[in-house]
Amino acid sequence: MTRSSKPEEGLASPGRRSLLKAGLAAGSLAATAGLVRAGEANPENLPPNVADWSRYLGAGVDAAPYGVPSEHEAHVVRRSVEWLTASRESSVNFTPLHELDGIITPNGLCFERHHGGVAEMTPTDYRLMINGLVETPLIFTLDDLKRFPRENRLYFLECAANSGMEWRGAQLNGCQFTHGMVHCVMYTGVPLKYILEEAGLKTNAKWIMPEGGDASGMNRSIPLEKALDDCMVAFKMNGEALRPEQGYPARLVVPGWEGNMWVKWLRRIEVGDEPWHAREETSKYTDLMENGKARRFTWVMDTKSVITNPSPQAPVTHGKGPMVLSGLAWSGNGRITRVDVTVDGGKNWHEARLDGPSLPKALHRFYYEFDWDGSELLLQSRAYDETGYVQPTKDALRAVRGTNSIYHNNGIQTWYVKADGSVENVEIS
Ligand code: MTE
Ligand code: CO
């Protein structure tokens with residue numbers, strides 16, 4: 001077993017306090033009926049007393065015109081990793097996957113990746129231009145976009161570099177950092193097909209190039225077939241306007257394909273007959289193989305899964321007995337059909353329980369409930385998609401792709417759960 005080589009780099013491992021709590025709480029599930037955790041509660045609020053919050057009126061309706069989470073959830077935030085942060089403007093932060101459940105990512109917790117900072121676009125000055133191999137070059141306002149028939153669809157977005165730091169071995173201590181460049185929201189927008197048809201595609205049209213209105217002017221080449229299939233121009237996420245950091249007022253949605261192509265602050269779409277070979281598809285977002293050649297146009301995000309609980313930032317604090325293991329699985333190819341889980345490093349596999357809607361190219365939630373005997377565990381999950389593709393081990397990936405890659409690491413993740421409940425990022429072979 002290789003231990004995490006830089007355990008200090010991720011987030012700190014669980015403090016002594018939480019481990020002490022784990023000791024106190026051990027075996028207390030039955031005694032407390034799971035309602036309160038021993039060692040934390042204020043006895044004055046516990047039965048048979050009347051709790052504080054039942055004795056006084058609460059805050060009025062105007063206390064928070066735009067609602068915010070409970071102050072007890074203040075630790076549930078996006079986090080960045082100092083040594084991965086080139087500058088504040090060309091940067092990334094990570095979704096706290098270990099704090100979430102279900103399949104929807106709350107808007108304020110969606111990881112952010114931008115190459116030129118968050119553009120401050122004014123909705124009234126927003127314009128989307130369609131030019132190139134079209135019959136009529138057009139410029140749309142935001143209101144124009146909202147007059148096309150619109151659709152609501154739930155998709156994951158994963159950065160191609162998600163888990164990229166783990167290619168050469170276990171690095172970051174927490175699924176927020178190893179897998180947190182993914183989010184899943186409901187997009188409301190216009191199928192790109194309608195917009196392109198409005199401009200009228202010329203017969204030699206084969207590719208599109210979306211371009212961002214931010215300082216990085218992010219652009220990528222996308223085959224027309226994909227553009228006409230399921231791409232959309234979205235202006236809402238989870239029912240409300242896109243957040244500035246997610247591309248307000250409009251972004252491209254490219255279901256199942258690498259996040260870099262989901263151009264934010266979308267200002268222009270050029271139609272052409274060949275790819276543009278932009279920076280982000282030549283010097284970046286290509287996969288350097290062992291023989292010095294690079295894989296190009298590796299767009300689809302392959303089937304992947306991760307156990308979010310327990311994990312290094314979410315240690316086991318309840319001692320032995322019933323344990324709910326939980327995680328996420330997703331595939332750029334479609335639906336997840338099955339997830340297997342092992343607690344002994346792959347000696348025995350168990351089929352996990354998928355729960356919640358199973359939608360193509362969206363996150364899927366899985367659970368595996370078991371009785372923990374308090375001994376050390378090696379946790380792994382392995383996802384299958386509807387095409388029959390099975391998530392590979394990291395070693396199987398390296399055998400094919402070598403170790404020069406950054407992008408498209410969908411290998412199986414291992415968490416090492418120690419007897420004291422703390423969890424560490426490791427690799428086993
Ligand atoms: N679009 C523009 N205009 N500028 C950018 O820097 N970053 C890309 C993509 N679209 C980027 C962009 C990358 S690399 C990713 S992974 C996703 O946006 C991240 O989307 P998010 O910030 O909504 O999570
Ligand atoms: Co990215």
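For the structure itself, look to the data block above.
To keep things clear, this report deals only with the structure shown in the data block. Please read all numbers here as calculations on a predicted model, not as lab measurements.

What follows concerns the site of ligand 1. Taken together, the neighbourhood of ligand 1 is formed by 22 residues, with Phe111, His115, Asp214, Arg251 and Lys264 sitting nearest. Contact between ligand 1 and Arg113: an oxygen atom at 3.0 Å from a main-chain N or O atom of the residue. In this structure, Trp262 approaches ligand 1 through a main-chain N or O atom, which is 3.1 Å from a nitrogen atom. Its free accessible area being 530 Å², ligand 1 has 100% of it covered by the protein chains. Split by residue class, the shell around ligand 1 holds 8 nonpolar, 8 polar and 6 charged.

Enumeration over the complete set of coordinates arrives at 25 salt bridges. We note a salt bridge from Asp101 to Arg365, for which the minimum N-O separation is 3.4 Å. Residue Asp101 is located in the loop between strand 2 (91–92) and strand 3 (113–114), and its partner Arg365 is located in strand 21 (residues 364–372); the two are separated by 264 residues in the primary sequence. Residue class for Arg365 comes out buried when judged on its relative accessible area of 2%. The salt bridge partner of Asp340 is Arg338, with a shortest N-O separation of 2.9 Å. What makes Arg338 partly exposed here is its relative accessible area of 32%.

Of all 7 residues making up strand 18 (residues 336–342), 5 are buried, and the element is well covered by its neighbours. Relative to strand 22 (residues 377–385), strand 18 runs antiparallel, the two sharing 6 bridges. If you follow Thr342 over to strand 22, its bridge partner there is Gln380. Relative to strand 19 (residues 350–351), strand 18 runs antiparallel, the two sharing 2 bridges.

Where helix 8 (residues 394–401) is concerned, the buried positions are Lys394, Leu397, Arg398 and Arg401. All buried residues of helix 8 lie within an arc of 95° about the axis, which places them on one face of the element. Counted as exposed and oriented over 90 degrees from the buried face of helix 8: Ala399 and Val400. Its buried side turned inward, helix 8 meets strand 14 (287–288), strand 15 (294–295) and strand 24 (423–427). A positive backbone phi angle near 75° is found at Gly402, which sits one or two residues after helix 8.

Another point: the side chain of Asn173. With respect to the helices and strands, Asn173 occurs in the loop between strand 6 (151–158) and helix 5 (175–179). Overall, Asn173 belongs to the buried group, its relative accessible area being 4%. A polar contact of 2.9 Å, which involves the side chain of Asn173, links it to the backbone nitrogen of Asn425.

About the thresholds
- Residues numbered from 1 in each chain as written.
- Chains lettered and ligands numbered in written order.
- Predicted model: local features only at pLDDT ≥ 70, side-chain atom pairs only at ≥ 80, totals over all residues.
- Heavy atoms only, no water.
- Near = heavy atom within 4 Å.
- Polar contact = N/O pair within 3.5 Å; in protein donor to acceptor, adjacent residues only side chain to side chain.
- Areas by Shrake-Rupley, 256 points an atom, 1.4 Å probe, with all protein chains shown as cover.
- Nonpolar A, V, L, I, M, F, W, Y, C, P; charged D, E, K, R; others polar.
- Salt bridge = Lys/Arg side-chain N within 4 Å of Asp/Glu carboxyl O.
- Helix = DSSP H or I, 4+ residues; strand = E, 2+ residues; numbered from the N terminus.
- Buried < 20%, exposed > 50% of the residue type's maximum accessible area, 1.4 Å probe, protein only.
- Pairing = 2+ DSSP bridges.
- Arc of directions from axis to C-beta.
- Contact = heavy atoms within 4.5 Å.

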